[in-house]
Amino acid sequence: MPSDTLQIDHQLLEQLQQDPRYAYIAEEQKPSVFSELIHSLDRWLSEHVGNSEFPFRYVFYAICILAVIVLVWWMVRSQLLHRILGIRHEAEVSIEEAEENIHSVDFDAEIARALAAGDHTRAARLLYLQTLKRLDDAGRLEWQPQKTPTQYTLEVGGMPFRTLTNHFLRIRYGGFEADEQLFSTMKTLQAEVEKGGTA
């Protein structure tokens, strides 16, 4: 019976296994960014802290993850993340900006935003400014930022506009908080004014 002539050259096999040209499985399973990060952290911890495997490393990872969560939460709360990502602020236009230039404000969007937030006082003030804009666009008054509401009542005339202006004055200068009912009343008055109501 002939002897088995097939011999395994263990030295050659080891060399081939270590040769990166033949590392087909390693090429197919490239490590993820996360695993690379963990591996880098492991190396850093080994170099600077020592070789303590458990539980220190897991505690360190937990602290890092918690720190990232707290940082993101703080950025969202402080609107910093919104500014970094270019997300526009929820309340984009202040009342003061709206009073300075009524033609630069999307009143429908701002009023809807105020109502969604339950801020009827803001919504009522914006509604009055929206009325001024619509009357200016219709040529029924000449809007100017330095004019007073009383001057507008003299220009427009009519009880609906006078009543609407009085509600605005109470809210704007009297510190009166508007509610849903008052906003609804002002909305009705706005419609009457736009129809040209003078009664």
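In the block above lies the structure referred to throughout.
Keep in mind that what you see is a predicted model, and the values were worked out from it rather than measured. (Residues numbered from 1 in each chain as written. Predicted model: local features only at pLDDT ≥ 70, side-chain atom pairs only at ≥ 80, totals over all residues. Heavy atoms only, no water.)

As a further point, take the pattern of salt bridges. Per the counting criterion, the structure on display carries 6 salt bridges. Across the pair Arg 113 and Glu 110 runs a salt bridge, and its minimum N-O distance is 2.8 Å. Taken as a pair, Arg 113 and Glu 110 lie in helix α7 (residues 107-116) at a separation of 3 residues, close to a single helical turn. You can call Glu 110 buried: its relative accessible area is 3%. Across the salt bridge formed by Glu 194 and Arg 134, the nearest N and O atoms sit 2.7 Å from each other. (Salt bridge = Lys/Arg side-chain N within 4 Å of Asp/Glu carboxyl O. Helix = DSSP H or I, 4+ residues; strand = E, 2+ residues; numbered from the N terminus. Buried < 20%, exposed > 50% of the residue type's maximum accessible area, 1.4 Å probe, protein only.)

With that out of the way, let us pick up a nonpolar patch on the surface. A cluster of nonpolar side chains, Leu 71, Trp 73 and Trp 74, forms an exposed patch at the surface whose accessible area comes to about 380 Å². The class for Trp 74 is partly exposed, based on a relative accessible area of 46%. (Patch = residues over 30% accessible without salt bridge, like charges linked within 9 Å, V, L, I, M, F, W, Y side chains within 5 Å. Areas by Shrake-Rupley, 256 points an atom, 1.4 Å probe, with all protein chains shown as cover.)

Turning next to helix α10 (residues 159-172). Between the first and last C-alpha of α10 there are 19 Å, a value that for 14 residues agrees with the 20 Å anticipated at 1.5 Å per step. The secondary structure elements touched by the buried residues of α10 are α6 (95-100), α8 (120-137), α9 (149-156) and α11 (180-194). (Expected span 1.5 Å × (residues − 1). Contact = heavy atoms within 4.5 Å.)

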